[in-house]
Amino acid sequence: MGILSRIFGTKPSSEKAKDEEHAVIVYFDYGLPDLSELRALESKLESEIERLGLGEYDGDEIAIDLSDGMLFMYGPNADDLFNGIKPILQKTAFTRNAKVKLRYGQPEDGVKEIYVQVHS
């Protein structure tokens, strides 16, 4: 499933019966001259999420001028997913001060969402 379907809450019919899916969305300042450090981080996140069986890394959105961006991850438990990737985010210079949204269910009105900081 792609980013847009996750953001707007549409799912293919084969996935509708799937358990509720939580989200971890990382908002970060980037400001580096190229995407090499972002791609290295994505590789680490994807490997760790898969290794721990926490869900999936779904991709990023980055500003055209590389000033800031977002990372998208999904799984059955937002807290477990965030706790699994937090050490990687803390070791990465451009995500140490990131703001993270934990969403406990599909994107719809009334779904619980909280914001946390990586460094806390």
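That block above? That's the structure.
Summary of the structure given here. Values in this document were obtained by computation on a predicted structure and should not be read as measured data.

What follows deals with the overall build of the protein chain. Along the protein chain, the regular secondary structure elements total three helices and five strands. Going from N to C terminus, the protein chain has its helices and strands arranged as α-β-α-β-β-α-β-β. Within the protein chain, contacts between residues separated by at least 24 positions form 61% of all contacts whose residues are at least 6 apart in sequence.

Turning to the pairing of strand β3 (residues 68–75), a few remarks are in order. Of all eight residues making up β3, six are buried, and the element is well covered by its neighbours. In the sheet, strand β1 (residues 22–29) pairs with β3 via eight bridges, with the strands oriented antiparallel. Directly across from A23, in β3, lies its bridge partner Y74. In this sheet, β3 lies alongside strand β2 (residues 56–62) in antiparallel orientation, the contact comprising six bridges. The residue bridging D60 from the neighbouring strand is L71, located in β3. Hairpin connection of β2 to β3: five residues between the antiparallel strands, including L66 at a positive phi of 65°.

This paragraph deals with unusual backbone geometry. If a residue is not glycine, its phi is most likely negative; likewise, a peptide bond is most likely trans. Even without being glycine, L66 reaches a positive phi, approximately 65°. As for its placement among the helices and strands, L66 is situated in the loop between β2 and β3.

Procedures and definitions
- Residues numbered from 1 in each chain as written.
- Predicted model: local features only at pLDDT ≥ 70, side-chain atom pairs only at ≥ 80, totals over all residues.
- Heavy atoms only, no water.
- Helix = DSSP H or I, 4+ residues; strand = E, 2+ residues; numbered from the N terminus.
- Contact = heavy atoms within 4.5 Å.
- Buried < 20%, exposed > 50% of the residue type's maximum accessible area, 1.4 Å probe, protein only.
- Pairing = 2+ DSSP bridges.

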